[in-house]
Each structure stands twice: as structure tokens, then as C-alpha cells.
2 protein chains.
Amino acid sequence: METASAAHSGLIDGLSVRRACRAGAVRGTTAGLAPGFAQGNLVILPVADATDFLRFAQANPRPCPLIGVSEAGDPHLPALGADLDVRTDLPGYRIWRDGECVAEVADVRQFWRKDLVSFVIGCSYSFEEALLEDGVEIRHISEGVKVPMFRTGISCAPAGKFRGPLVVSMRPLKPADAIRAIQITSRYPAMHGAPVHIGLPQQIGVADVRRPDYGDAVTVRDDELPVFWACGVTPQAALVESNLPFAITHSPGSMLVTDVKNRSYAVI
Amino acid sequence: METASAAHSGLIDGLSVRRACRAGAVRGTTAGLAPGFAQGNLVILPVADATDFLRFAQANPRPCPLIGVSEAGDPHLPALGADLDVRTDLPGYRIWRDGECVAEVADVRQFWRKDLVSFVIGCSYSFEEALLEDGVEIRHISEGVKVPMFRTGISCAPAGKFRGPLVVSMRPLKPADAIRAIQITSRYPAMHGAPVHIGLPQQIGVADVRRPDYGDAVTVRDDELPVFWACGVTPQAALVESNLPFAITHSPGSMLVTDVKNRSYAVI
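Residues numbered from 1 in each chain as written. Chains lettered and ligands numbered in written order. Predicted model: local features only at pLDDT ≥ 70, side-chain atom pairs only at ≥ 80, totals over all residues. Heavy atoms only, no water.

Let's talk about the pattern of salt bridges
Following the criterion strictly, the structure yields 38 salt bridges over all chains and no others. The shortest N-O distance in the salt bridge between B:D89 and B:R22 comes to 2.8 Å. Of this pair, B:D89 sits in the loop between β2 (66-69) and β3 (93-97) while B:R22 sits in helix α1 (residues 14-22); the two residues are 67 residues apart in sequence, bridging distant segments of the chain. Residue class for B:D89 comes out buried when judged on its relative accessible area of 1%. Connected via shared salt-bridge partners are A:R18, A:R19, A:R22, A:D83, A:D89 and A:D259. (Salt bridge = Lys/Arg side-chain N within 4 Å of Asp/Glu carboxyl O. Helix = DSSP H or I, 4+ residues; strand = E, 2+ residues; numbered from the N terminus. Buried < 20%, exposed > 50% of the residue type's maximum accessible area, 1.4 Å probe, protein only.)

Comments concerning helix α3 (residues 124-133) of chain A
Residues and elements named next belong to chain A. Among the 10 residues that make up α3, 7 are buried, leaving the element largely enclosed by the rest of the structure. Of all the positions in α3, only S124, Y125, S126, F127, E128, A130 and L131 are classed as buried. Residues of α3 that are buried in the fold lie against β1 (37-46), β5 (116-122), α4 (139-142), β7 (165-173), α5 (175-186) and β9 (225-230). Count one or two residues on from α3 and you reach G135, which has phi positive near 90°. (Contact = heavy atoms within 4.5 Å.)

Here's the deal with the interface of chain A and chain B
At the junction of the two partners, chain A supplies 18 residues and chain B supplies 18 residues. Between chain A and chain B the total buried area reaches about 1400 Å² when both faces are included, carbon and sulfur atoms providing 76% of it. Our enumeration of links across chain A and chain B arrives at 0 salt bridges. Here chain A and chain B share 4 residue pairs in polar contact (both at pLDDT 80 or more) between them. Mapped by element, the contributors of at least two residues to the side of chain A that touches chain B are α5 and β8 (197-198) of chain A. The leading source of residues in the side of chain A that touches chain B is α5(A), at 5 residues. Along the lines of polarity and charge, the residues of the side of chain A that touches chain B split into 10 nonpolar, 5 polar and 3 charged. (Buried area = accessible area lost by both parts, 1.4 Å probe. Polar contact = N/O pair within 3.5 Å; in protein donor to acceptor, adjacent residues only side chain to side chain. Nonpolar A, V, L, I, M, F, W, Y, C, P; charged D, E, K, R; others polar.)

Topic: a nonpolar patch on the surface
Where nonpolar side chains cluster on the molecular surface, the patch consists of A:V267, A:I268, B:V267 and B:I268 and spans about 390 Å² of accessible area. In this structure, B:I268 sits in the segment after β11 (256-261). (Patch = residues over 30% accessible without salt bridge, like charges linked within 9 Å, V, L, I, M, F, W, Y side chains within 5 Å. Areas by Shrake-Rupley, 256 points an atom, 1.4 Å probe, with all protein chains shown as cover.)

Topic: unusual backbone geometry
Residues and elements named next belong to chain A. Even without being glycine, N243 reaches a positive phi, approximately 50°. Tracing the sequence through the fold places N243 in the loop between α6 (234-241) and β10 (246-250). Looking at N243, the relative accessible area reads 49%, which means it is partly exposed.

So, the nonpolar core
By size, the foremost hydrophobic cluster in this structure holds 85 residues, and its most contacted members are A:I198, A:I248, A:Y265, B:I198, B:I248 and B:Y265. Counting 30 residues, the second-largest nonpolar core is a separate cluster that includes A:L45, A:V145, A:L166 and A:V206. (Core = buried A, V, L, I, M, F, W, Y, C linked by side-chain atoms within 4.5 Å.)

Things to note about the sheet that holds strand β9 (residues 225-230) of chain B
All names here are of chain B. Reading across from one edge, β6-β7-β9-β8 is the order of the 4 strands in this open sheet, with antiparallel pairing throughout. The open sheet terminates on both sides in strands that have one partner only, identified here as β6 (149-155) and β8 (197-198). In this sheet, β9 lies alongside β8 in antiparallel orientation, the contact comprising 2 bridges. Its bridge partner being in β9, I198 is matched across the sheet by V227. (Pairing = 2+ DSSP bridges.)

Things to note about the domain arrangement of chain A
Residue and element names in this part refer to chain A. Each assigned domain of chain A is listed here: domain 1 (6-123 + 244-261) and domain 2 (125-234). Using only C-alpha atoms to locate each centre, domain 1 and domain 2 end up separated by 22 Å. Summed over both sides, the interface between domain 1 and domain 2 buries roughly 2000 Å², with carbon and sulfur atoms accounting for 61% of that surface. It is F56, R62 and C123 in domain 1 that bury the most area against domain 2; as a group they hold 33% of the surface buried on that side. Our count for the domain 1 to domain 2 interface comes out at 2 salt bridges. On inspection of domain 1 and its partner domain 2, the count reaches 12 residue pairs in polar contact (both at pLDDT 80 or more). Those elements giving two or more residues to the side of domain 1 that touches domain 2 turn out to be β1, α2 (47-59) and β5. When its residues are assigned to classes, the side of domain 1 that touches domain 2 shows 15 nonpolar, 8 polar and 4 charged. (Domains from an automatic or database assignment.)

Structure, rendered in C-alpha cells:
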């Protein structure tokens, strides 16, 4: 995971990040930008698929905690940010046709349709901030790479056309840090909440924690346990499995940065 | 761990258990008696040792969460129960001299002195009730034995004459149940709170989870992680290490049953 460059040092809140994205001044990851503000995964679908996707999210709240849903055709989400336009305000997007990613673009205005609904899903960046503040080392941040992610053998609860595997992110932690991380992330159900697994990866169909399906490999030491959280990449895996005719998502790591403080999502 | 016998079926609250103990009608473990009411570990010391012990408990809150401390010479603890007399109201006691257990008795009135202070320390029976209510299987209860306990390689923070190893109890749990158990027991800091370790017993000096130092061995399956909580036996280990001239404690498993509801100790 790259950190904010010196050129991004002024990007201290959601609005300034979004305006910089809109101006083409931000590329790649949003990790480290606008500290303290929640970032979200973005899924944009035709309204005809919206009910099924809402049911999928409702049935799978750990990977798909919805923090915002737009009106059909409206690219704004005022509850998540002032002057927020999902078509331009992220650094990068993926265009999906028939379950395949067919393009990566910096702006989706040319793909916009009057029937599109935007879904914003909580992101682990928020709970990682809480972990770092508590002194828990996060390996992929220390090593400057993307979090390792794995397709598990666990199936999401299907809903209409949506089905697919639960995708998880993995952070290796010393046992005492793992216990602390479970306590801290339990406070953030809107950011995937507590881990779904700890310590025995084969049980969830992960053969080798050093060979992720998405993101990058990180060091896992002998005195650490791999800890697995449900991941917002899960809906992208469901788009593939369901061969959806058309969809737009964020590019991995290029999230929607909101005006909502991370801490406002803590349930206790 | 034995469960309440049919003869004990009327022992549904703290007061009735304590009166039955006083009448000599209860022997052995208090596990399963007065469901819903907190039980405690008991340590009785001369007032000359009380400050050091209070400092030891303050410095080691995970193994020694104090839920009650008496006036010197007063065998009553009205905050923990009506008509509560620590000299008679437990099924069994240990008498300690110079760091050795010299007697196991059913009543300590003959050992009572005007300078004795009673300390009551929260007990894992309380959080086990919360785990069982949540559907988490607790192996030593399923197998009808005492919880396995281990002396760790972790030293407690010393205070005055008190020093010694952290003693832990161990419960084998499936990973998802371990995560849930961390959430649930975090709510009960007065009952040892969250685990102190999970998954890698050698790291805390436990060579073989199937060979406990106290209590009984339980089955640990390949799909389970050993989860370790700080244990109220820790102060007994400190009495031994410190060669204390005189002390009284409860006998293992024979706890003080209070009038305070377990749930009233939950912090959230």
C-alpha cells in the first residue's frame, strides 16, 4: 500500500481528496489520505439488479456492510459527503461486462446511465486506523504493499443472481495483538467488524497464507497467527460469478473518501 | 466439574447456597449452583499483608480482579451478600502456613483472628455462563471435569512480598467460537476479562496443553485453538512463592457464591 506522497499532503479531508481526484491529481491508492475519514468500496449497478444486490448485502453483512445507497440515476450521495459525485471522485474505476473487467478508467461519466444505483460498502482502512492508533503493527502497511486477500471455501448466502465465495483479507498478528484486534474491530461492524477466522487457514479453504488470490503476499512469522476479516472485494467476486451484464466498481485500493469520521461508526 | 446434584436443586440463589454450606449440606464444587449469581475466589490474609496484596491485585488485574474486600476482623461482606460469613459459607477451605497448604477444612471459625482481611476475586464461572448462553461449548463442562490450568512463563508484576507466575485456565475452541468468546469475555473485566493468549501455547511457557498443572486434562481437537484466560489460582501460586506465614483460601472449585448477578458485572 503506497502512502500519501508529499504532493498529497494537503488532502486532509474527504472533500479535498474528492476534488483532487476529480481534477485528475490523485492516482492509485487512497490509503493514507484524509486521515480519520471513512473510505468505502463502490459498486454501481442498474436499478434492475438493485433489489437482488440489497438482499445479497443484507444476507452477508460481514463482507458487504452498506454505508450508503444512492437514488437511481443520481451520482450524488449527500449523506456521505458534500458535493460528492461518484462518477469522478475516485482515483480509478473498473468497468465490468458479463462478469469480466473490460476497462480500468479514471472517470465514468461516459458510462453513466439514468438507471444506475451506487452502493458504498465499509472498508478495512477505517479499522486499520483504529488498530494503528492502539499500537498494533499491520504487516502490509509496514511492508508497503496491498493487504493479502483470499477466496475462501465459504459461500456467501445467495440472493437472486448474486452468489459467490466469501473473500477475506489477512493480517498476521502476535496472539495478544490478535485478541486486541478482535476487541477493536468488533466496534466497527460497518467496516467488516470482528474477524471471521483465526489461526487455522485450511479450515476456511486457504491452502497457503503466503499465496494470496488478490493483493500482495506479506511476511507471516512463526510467532504469529493469521487473522482473517471479511473483505469488500467479495461483491466483485459475486459480479464475476453472476456474469452480470454491466457494473462499475472502484479499482482495488482506490476508494471513495467520505466526509464521515471513522470514529462515528464505532458502536461503543 | 461436577454439576449440582438433585439434592442441591433448591440452591437457586446465593443466600440459599451459603446457608446450605454453613449447615454442612454442600461439599465440593459450587459449579452449577445458583445459576446467574457471581461466584468468587477467596483469599484471607493478616491485615499486615493486606497493602501488599492490594498492590499485587492492582498491578495484576487480569488474574486478580477484586470484587470485594472486607474490614479487618470482620468476616462479613455485605456488598456481596446478605448474612454472608466467609468463615462458614463456602464448601471448603485451605489453610496455608509458610507457603504450604497444611489443611483442607469445611469451616474456618477455629482459625479466625481479629486481624484477618478477606479478598474476593472474580471467577471464570461467570463468563462461562455467558459463553454457554451464547451456544459456545465449554469442553471441561462437557467432559464433566475441572478446567485445566497451567503455570505460565509469564511473571506477575511483583508487589512487596507477593510475586509468582501467571496461572491461566485453558478452553479449546473452534476459531469462530474463539473470536466470539473474546468478544463475550471482554465484557467481564471483573471475571478475568478477555483471554491473555490464543493458539501458540509454547509462547507463554505451556509445553503441552494436554498436561495441566492444576485441574484436569481435556480433549483438544485438531480443528480447535487453545484459548487461555488469566486465572484466580494465580494468588494461591503467589502465596506459595512468597512463603506467607499464614493465609486461608477457598478450596479449588469451592467458591464463595454471592447475591450479585453475573450480568451486573458486564461493562457493556
